[in-house]
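As a plain string of letters, each chain reads:
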Amino acid sequence: MDTPEPRNYFRDLFEVGTDRSAPLEQKIERAITLGRDRLGVDYGVLSYTGAGEYEIVDSTIESGAYEAGTIHELGETWCRHVVSDREMLVVADAANSPYSDDLARETTGLQCYIGAAVLVDGEVYGTLCYSGEDPLEREFTEDDERFVQLLTQWISYEIEREQHYRALDAQNERLTEFAGVLAHDLRNPLTGARGYTELVSESVSEPEASHLQTVLESLDRMEQLITDTLSLAREGADVGEREPVSLAAVAERAWNTVQPDTAVLAVESDRTIRADASRLQQLFENLFRNVMEHCPPGTRVTVEGTDTGFAVSDDGPGLPPAIADSLFGGTFGSQRHGLGLLIVERVVSGHGWDGTVETSEGGTRFEFTGVGMVTEPPSVSIR
């Protein structure tokens, strides 16, 4: 009869850590059980001690005093040594060790123990420990200690990462809420200012009316800035479900939304690409709005499909080099671009695309590559 191959616990731990389909709680539960089996003891427990008590976060004990969710006096546990010293505690046979008179031996009934501190952001979060009601019939080996240490470090990292994500989500939620309140508070007086300006412009002479038109244009710009700020706060780089979309159709829809009456649009070639149509339209709108605000009348804007994505170019005066250099991971300098181009960057990075910009006195060309294609380039250009 063949001898079965010994279980590779380190490989099992690696598989647990790289399993992206399982939630964190399930992965930690599997890791704790893996350690218990590897050490050959009765129990495996993950605790939280940050509040000064001994709270069981997860446990292989399904019922009883030390099941998950129970809270105990930290000072009556073996783990108090680990929390205090921040060092691993190893006791194979409590009765025949320097800890024979330890309080925890009586209060917990555990006669063997090995545990280490779970550190999160440099502070003791709690402990990961393994124990049994009977002395271990052997000594814990260096491999045992290394395995427990490895488990503890992995759990520490996972909890730390989860807490950081939660903190980031809460921060983003507060930012979105703040942006919404700020936009509301700004739009109220902005609406009043626009209404009174339009009212006055109807009763003044032509020279004064032209000045008031400038005021109205400034108010429109403020409204757009508020909209862009809300868009960045609420959506950031998030991209929704991708679907096949026509590059030409989205570009023309964006053009009709912005309505840059001083420029003309030419769609040289179409592509069917995979994208979030709403966010892609935002990209086009902000590029078209940039042309409307900074290019002279008669500027031609060209949208064309390429072998790896698409490009948007114009024959205007060109972006200032400092702004062009700061785009798409370039140098962050004093001439950093405004919200419109920042939104373009976020849409590109959210899709996982790459972006480049070329600028000269003859115009500006934005090119986006790494774009998922659905169909081959059409054989006939459309305009």
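Only a predicted model underlies this, so the values are computations on that prediction, with no experimental measurement involved.

**Student:** How do you make sense of the packing of helix α7 (residues 247–258) against helix α8 (residues 277–294) when you look at a structure like this?
**Tutor:** A pair of packed helices is captured by two measures, namely the crossing angle of their axes and the spacing between those axes. The geometry of α7 relative to α8 is characterised by a closest axis approach of 8 Å and an angle of 50 degrees between their N-to-C directions. Classified by the angle between their axes, α7 and α8 sit oblique to one another. Between α7 and α8 lies a crossing whose hand is right-handed. Touching Leu247, Val250, Ala251, Arg253, Ala254, Trp255, Thr257 and Val258 of α7 are Ala277, Leu280, Gln281, Phe284, Glu285, Phe288, Arg289 and Met292, all from α8. When grouped by side-chain class, the residues that make up the contact of α7 with α8 number 11 nonpolar, two polar and three charged.

**Student:** Would you explain the environment of Glu345 in this entry?
**Tutor:** With respect to the secondary-structure elements, Glu345 resides in helix α10 (residues 339–351). For Glu345, a relative accessible area of 8% corresponds to the buried category.

**Student:** Got a minute to help me understand the sheet that holds strand β2 (residues 54–59) in this structure?
**Tutor:** Across a sheet, paired strands are connected by hydrogen bonds in the backbone, their directions being either parallel or antiparallel. Taken together, the six strands give an open sheet; going across it, the order is β3-β2-β1-β6-β5-β4, and neighbouring strands pair in antiparallel fashion. The open sheet has two free edges, formed respectively by β3 (71–72) and β4 (89–91), since each of these has just one partner strand. Examined bridge by bridge, strand β1 (residues 43–48) and β2 share four bridges and lie antiparallel to one another. Bridge pairing in β2 links Tyr48 to Glu55.

Rules of the game
- Residues numbered from 1 in each chain as written.
- Predicted model: local features only at pLDDT ≥ 70, side-chain atom pairs only at ≥ 80, totals over all residues.
- Heavy atoms only, no water.
- Axes fitted to C-alpha atoms, helices over the stretch in contact; angles between N-to-C directions.
- Helix = DSSP H or I, 4+ residues; strand = E, 2+ residues; numbered from the N terminus.
- Parallel < 35°, antiparallel > 145°, perpendicular 65-115°, else oblique.
- Left-handed = near helix turned anticlockwise from the far one by under 90°.
- Contact = heavy atoms within 4.5 Å.
- Nonpolar A, V, L, I, M, F, W, Y, C, P; charged D, E, K, R; others polar.
- Buried < 20%, exposed > 50% of the residue type's maximum accessible area, 1.4 Å probe, protein only.
- Pairing = 2+ DSSP bridges.

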